[in-house]
Amino acid sequence: MSPSRKRRKAAGLLFLLPGFFGIAVFYLIPFGDVVRRSFVQAAGGRFCGVSNYRTVFGNTAFLLAAKNTVRFVLVCLPLLLLLSLLLALLVNGLGNKLKTVCKSAFLLPMAIPAASVVLLWQLMFDLHGFVNGLLGLVEIAPVDWMNTKAAFAVLVFSYIWKNLGYSIVLWLAGLASVPESVYEAAQIDGAGRVACFFKITLPLMKPMIFTIVVLSLLNSFKVFREAYLVSGNYPQEDIYLLQHLFNNWFLDLSVDKMAAGSVLLALVIGGFVWILQRSWEEEG
Amino acid sequence: MRSINMAKRFGKLLTVFVLAVFAALTVAPLFFLACGSLMGNGELNEYLGPFLIRTDGFAGWRLFPLYPTLRNAVRLFFDSPEFFHMFWNTMAITGGILGGQFLFGLPAAWGLARYPVPGRKVFYMLCILLMMLPFQVTMLSEYLVLDHLGLLDSLWSIILPGAFSTFSVFVMYRFFCGIPEELLESARIDGAGELKIFFLIGLRLGASGILSALVLQFLECFSMIEQPLVFLQTKSRMPLSLYLPEVKADRMGFALCCSFVALLPPVLVFGMGQQYLEQGIMAGAVKE
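The structure displayed is predicted, hence computed values, not measured ones. (Residues numbered from 1 in each chain as written. Chains lettered and ligands numbered in written order. Predicted model: local features only at pLDDT ≥ 70, side-chain atom pairs only at ≥ 80, totals over all residues. Heavy atoms only, no water.)

Let's talk about the overall build of chain B
Heads up, the rule is: The helix count covers DSSP runs of H or I at least four residues long, the strand count covers runs of E at least two residues long, and both are numbered beginning at the N terminus. Each radius of gyration is computed over the set of C-alpha atoms, and the globule rule expresses the reference value as 2.2 Å times the number of residues to the power 0.38.
Regarding its fold elements, chain B presents 14 helices and zero strands. Traced from its N-terminal end to its C-terminal end, chain B shows the element sequence α-α-α-α-α-α-α-α-α-α-α-α-α-α. Relative to the 2.2 N^0.38 estimate, which gives 19 Å for 288 residues, the radius of gyration of chain B is 24 Å and therefore markedly larger than a compact globule would have. Projected onto the principal axes, the alpha-carbon positions of chain B cover approximately 75 × 75 × 35 Å.

Side note on the overall build of chain A
Spelled out, the test is: Should any heavy atoms of two residues lie within 4.5 Å, those residues are counted as being in contact. Per-residue and other accessible areas were derived by the Shrake-Rupley procedure at a 1.4 Å probe size, with only the shown protein chains allowed to occlude residues. The charged-residue count follows a simple rule in which Lys and Arg add positive charge and Asp and Glu add negative charge, with His and chain termini not counted at all. Charge coordinates come from a single atom per side chain, which is NZ of Lys, CZ of Arg, CG of Asp or CD of Glu.
If you tally the helices and strands in chain A, you get 13 helices and zero strands. In chain A, the succession of helices and strands from N to C terminus is α-α-α-α-α-α-α-α-α-α-α-α-α. For 284 residues, the compact-globule estimate of 2.2 N^0.38 gives 19 Å, and chain A exceeds it by more than 25% at 24 Å. Overall, the C-alpha framework of chain A stretches about 75 × 75 × 30 Å when taken along its three principal axes. A separation of at least 24 residues holds for 67% of the contacts in chain A among residues at least 6 apart in sequence. A total accessible area of about 13,200 Å² is found for chain A, and carbon and sulfur atoms account for 67% of it. If you average the places of the 23 positive and of the 15 negative side-chain charges in chain A, the two averages end up 13 Å apart.

Considering empty space enclosed by the protein
Rule in force here: Site definitions follow a grid-based scheme: protein atoms alone, a 1 Å grid, a 1.4 Å probe that fits but cannot get out for cavities, and for pockets an open set with protein on both sides within 12 Å along at least five of seven lines, plus lining residues having an atom within 4 Å of a point. Grid points are joined across faces, edges and corners, and a volume is the space filled by probe spheres set on the points. Polar here means any residue outside two lists: the nonpolar Ala, Val, Leu, Ile, Met, Phe, Trp, Tyr, Cys and Pro, and the charged Asp, Glu, Lys and Arg; Gly therefore counts as polar.
Enumeration according to the criterion identifies five cavities of 30 Å³ or more in this entry. Computed from the structure, the largest cavity encloses a volume of approximately 1,200 Å³. Looking at the lining of the largest cavity, its residues break down into 26 nonpolar, 15 polar and seven charged.

Some points on the layout of surface pockets
The volume enclosed by the largest pocket comes to roughly 1,100 Å³. As for the largest pocket, its lining consists of 29 residues, of which L89, L90, N92, G93 and R193 of chain A are closest to the centre. If you list the elements that add at least two residues to the lining of the largest pocket, you get α3 (60–92), α4 (96–111), α7 (151–176), α8 (180–188) and α9 (193–204) of chain A together with α1 (2–36) and α14 (252–283) of chain B. Across the lining of the largest pocket, the residue classes break down as 15 nonpolar, six polar and eight charged. Together, 29 residues line the second largest pocket, and M124, L134 and F157 of chain A together with L25 and A28 of chain B are the ones closest to its centre.

Here's the deal with the packing of α8 of chain A against α9 of chain A
Residue and element names in this part refer to chain A. This is how it is decided: Note on geometry: axes are lines fitted to C-alpha atoms, helical ones only across the stretch in contact, with angles between N-to-C directions running from 0 to 180 degrees. These descriptions rest on fixed angle ranges, namely under 35 degrees for roughly parallel, over 145 for roughly antiparallel, 65 to 115 for roughly perpendicular, and the rest for oblique. Here a crossing is called left-handed whenever its near helix is offset anticlockwise from the far helix by less than a right angle, and right-handed whenever the offset is clockwise.
Relative to each other, α8 and α9 sit at 140°, their axes nearing to 11 Å. Regarding the angle of α8 to α9, the classification is oblique. By crossing handedness, the relation of α8 to α9 is classed as right-handed. Judged by residue contacts, V182, Y183 and A186 of α8 engage C196, I200 and T201 from α9.

Brief notes about the domain arrangement of chain B
Residue and element names in this part refer to chain B. We count it as follows: Domain start and stop points were drawn from an automatic or database domain assignment. Here the buried area means the combined drop in accessible surface, using a 1.4 Å probe, for two parts upon being joined, counting both sides. The salt bridge criterion pairs a side-chain nitrogen of Lys or Arg with a carboxyl oxygen of Asp or Glu, the two atoms within 4 Å. Throughout this description, a polar contact denotes any pair of N or O atoms lying within 3.5 Å of each other; where both atoms belong to protein, one of them has to be capable of donating a hydrogen while the other can accept it, and for residues adjacent in sequence the pair is counted only when both atoms sit in side chains.
We note that the domain assignment places domain 1 (2–52 + 68–74) and domain 2 (83–283) within chain B. Once you take the C-alpha centre of each, domain 1 and domain 2 turn out to be 32 Å apart. Between domain 1 and domain 2, the buried area comes to about 960 Å², and carbon and sulfur atoms account for 87% of it. When the buried area of domain 1 at its contact with domain 2 is split by residue, L30, L33 and N72 rank highest and sum to 44% of it. Here domain 1 is connected to domain 2 by zero salt bridges. Run the count over domain 1 and domain 2 and you get zero residue pairs in polar contact (both at pLDDT 80 or more). When residues of the side of domain 1 that touches domain 2 are traced back to their parent elements, those giving at least two are α1, α2 (41–52) and α3 (71–79). Looking at the side of domain 1 that touches domain 2 residue by residue, the classes come out as nine nonpolar, four polar and no charged.

Re the interface of chain A and chain B
At the interface, 94 residues of chain A touch 102 residues of chain B. In total, chain A and chain B occlude about 8,700 Å² of area from one another, counting both sides; carbon and sulfur atoms represent 78% of this. Looking only at chain A, the three residues that lose the most surface to chain B are F15, F26 and H128 of chain A, adding up to 10% of its buried area. Summed over the shared surface of chain A and chain B, the number is six salt bridges. Notably, a salt bridge pairs E194 of chain B with R7 of chain A, separated by 3.7 Å at the nearest N-O pair. Applying the counting rule to chain A against chain B returns eleven residue pairs in polar contact (both at pLDDT 80 or more). Take the side of chain A that touches chain B: its biggest share by element is 23 residues, from helix α1 (residues 3–37) of chain A.

Some thoughts on the confidence of the model for chain B
Low pLDDT means the predicted coordinates in that region are not meant to be read closely. Residue and element names in this part refer to chain B. Quick reminder of the rule: Confidence of the predictor in every single residue is expressed as pLDDT, which spans 0 to 100.
Averaged over every residue, the pLDDT of chain B is 89; the share at 70 or more is 98%. The secondary structure element of chain B with the lowest average pLDDT is α2, at 81, and the one with the highest is helix α7 (residues 156–163), at 95. As scored by the predictor, the complex reaches a pTM of 0.90 and an ipTM of 0.89.

A look at the packing of aromatic side chains
Quick reminder of the rule: When two rings of Phe, Tyr or Trp (its six-membered ring) have centres within 6.5 Å they constitute a pair, described as stacked for plane angles under 30 degrees, edge-to-face for angles over 60, and tilted for the intermediate range. Sitting over a ring, as applied to charges here, requires NZ of Lys or CZ of Arg to be within 6 Å of the ring centre and within 35 degrees of the ring normal.
This structure, assessed with the given rule, holds 37 aromatic pairs over all chains. Between W121 of chain A and F157 of chain A, the aromatic rings sit 5.5 Å apart at their centres with planes inclined by 50°, giving tilted as the arrangement. Of this pair, W121 of chain A sits in helix α5 (residues 114–125) while F157 of chain A sits in helix α7, and the two are 36 residues apart along the sequence. Through a chain of ring-to-ring contacts, three or more aromatic side chains come together here, namely F15 of chain A together with W110, Y115, F176, F198 and F199 of chain B. One cation-aromatic arrangement involves R75 of chain B over F254 of chain B; the distance from NZ or CZ to the ring centre is 4.3 Å.

Focus on the pattern of salt bridges
Residue and element names in this part refer to chain A. Inclusion rule: Per-residue accessibility, obtained with a 1.4 Å probe over protein chains only, is compared with the maximum for each type, and a residue is labelled buried under 20%, exposed over 50%, and partly exposed between these values.
The full count for this structure, using the stated rule, is 17 salt bridges over all chains. The closest approach of N and O atoms between K149 and D238, which form a salt bridge, is 3.3 Å. Here D238 lies in the loop between α11 (224–231) and α12 (242–251) and K149 lies in the loop between α6 (130–137) and α7, a separation of 89 residues in the sequence. We classify D238 as buried; its relative accessible area is 9%.

Section: a nonpolar patch on the surface
Residue and element names in this part refer to chain A. To keep it simple, the criterion reads: The residues that make up patches have over 30% relative accessible area and no salt bridge, and they are joined within 9 Å when like-charged or within 5 Å when they are Val, Leu, Ile, Met, Phe, Trp or Tyr.
On the surface, F210, V268, F272, W274 and I275 cluster together into a nonpolar patch covering about 460 Å² of accessible area. Ranked by residue count, the leading element in the nonpolar patch is helix α13 (residues 255–283), at four residues. Inspection of the secondary structure puts V268 in helix α13.

Brief notes about the nonpolar core
Where a protein is soluble and globular, its nonpolar side chains tend to be buried together. Heads up, the condition is: Grouping buried Ala, Val, Leu, Ile, Met, Phe, Trp, Tyr and Cys residues that are joined through side-chain atoms within 4.5 Å yields what is termed a nonpolar core.
Judged by nonpolar contacts, the single largest core of 200 residues is most densely connected at F72 and F106 of chain A together with W110, M132, F176 and L277 of chain B. In terms of domain composition, this core takes at least three residues from each of domain 1 (2–52 + 68–74) and domain 2 (83–283) of chain B. Not counting the four nearest positions on each side in its chain, F176 of chain B is found in contact with L106, A109, W110, A113, R114, G202, G206 and I210 of chain B.

In structure tokens, the structure reads:
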């Protein structure tokens, strides 16, 4: 190895070290401890194999929360992706000025803190709230949104409102990555706009689509904020998510269940990250 | 020919209409809070009566306040020390986290992007994994270390883990990778040291990446709920995001005003840094 390369290696390490030290102290080392704790009894600290994991899988609250979280993701993701793709296609056809205005409008919810809209959400979805008032205009009976199965719809709405702009920006980047010349060639061959979209745009954006799915999935965990602020630790049963469960385990100091649950969730998320990384490598 | 033109024009109108409807829906909450904070209590009681005192019928609204008043705003600004106390807590948390990321995350991103560091790929994967993990997964481990260091129930319990969050490292890394290697090479040939290269080339050409990371992080800090909820106990150390839900609906005008003022800093940052926000979002998806 040449001396200059050696020197650069050392310089790089020096840049990296302070940050890495903090990450190790606050994340890596304690997470290692959590992995250890997931295999020992909370009281006494004796090794107990996978019994904590067994407890978690036998816990009805965990099963309910896991089911709700999966259901939430399965409903939200397709809805968000389709809606944002549709809007991105419309925005993409606009002139530059209108495009910027649209993007600003759709991105704005990202800047609005969850705590600031809670009051409005309550006003909207109360039994005597705005939404029921509007439904009354078309003769639909009022719904008690937060205390019935409709709470799920409120959560979905909240997630889509917040994340629409994020996905639109990603789709727009994907659309811009398809070179204009491909479309021109197709048009000369007589392809219509619909054919262009399905035969050119979608296939060329395939790696991108993947990224958008994974990023939106990971963002979906943050919907807990609105859910918690609107209805606290124990919301309507259908919107009791894994995030609520972890919070309640924390309040009960159920360290053994939390440790096993954290490891399980980390493995699932790690799987998604691995898939994402693979798709990035294919892309590049 | 004429009918094709008509169809085109109609399509364009439809596009603008659909987009306008959705854009109005996304912007409506901001507008609502702005109006609400200018309404007097009498006016609010009239519109929101069914919600507030549970009478029959439904809450209603007016597009603009009929009798705009600054009474609630005045009360907020001159007679609510607790609001400002929590506001400064939020600012301290935000400042601490952004400062920490500037001091530690920024050099780390530079080292990772530009130097042949051993284990580089592993570290990069680790950054991505950590940034993707929801807070609930790392909650217990963060709690354990904060408890060990005796930092629980202080602002540091929010600041320190936040300062080392790898999300901004990742965003800055993506931007630093885009700087051409020849530039660094020629600077080295001219005899510049690595530190000088970092300050003169990295900071300057990576500026938009650094700003992207900071804007995204700023917005995140103002929304933070999960961490203060479990790591803070003392009321006077709570950030604004936990104070707002406590302002009860029986003081509706004041509550609306608080909600509106609380969203001003992030919306302002959004207004000034929207292009960086977009670049930051795209950094996660587009290979440069």
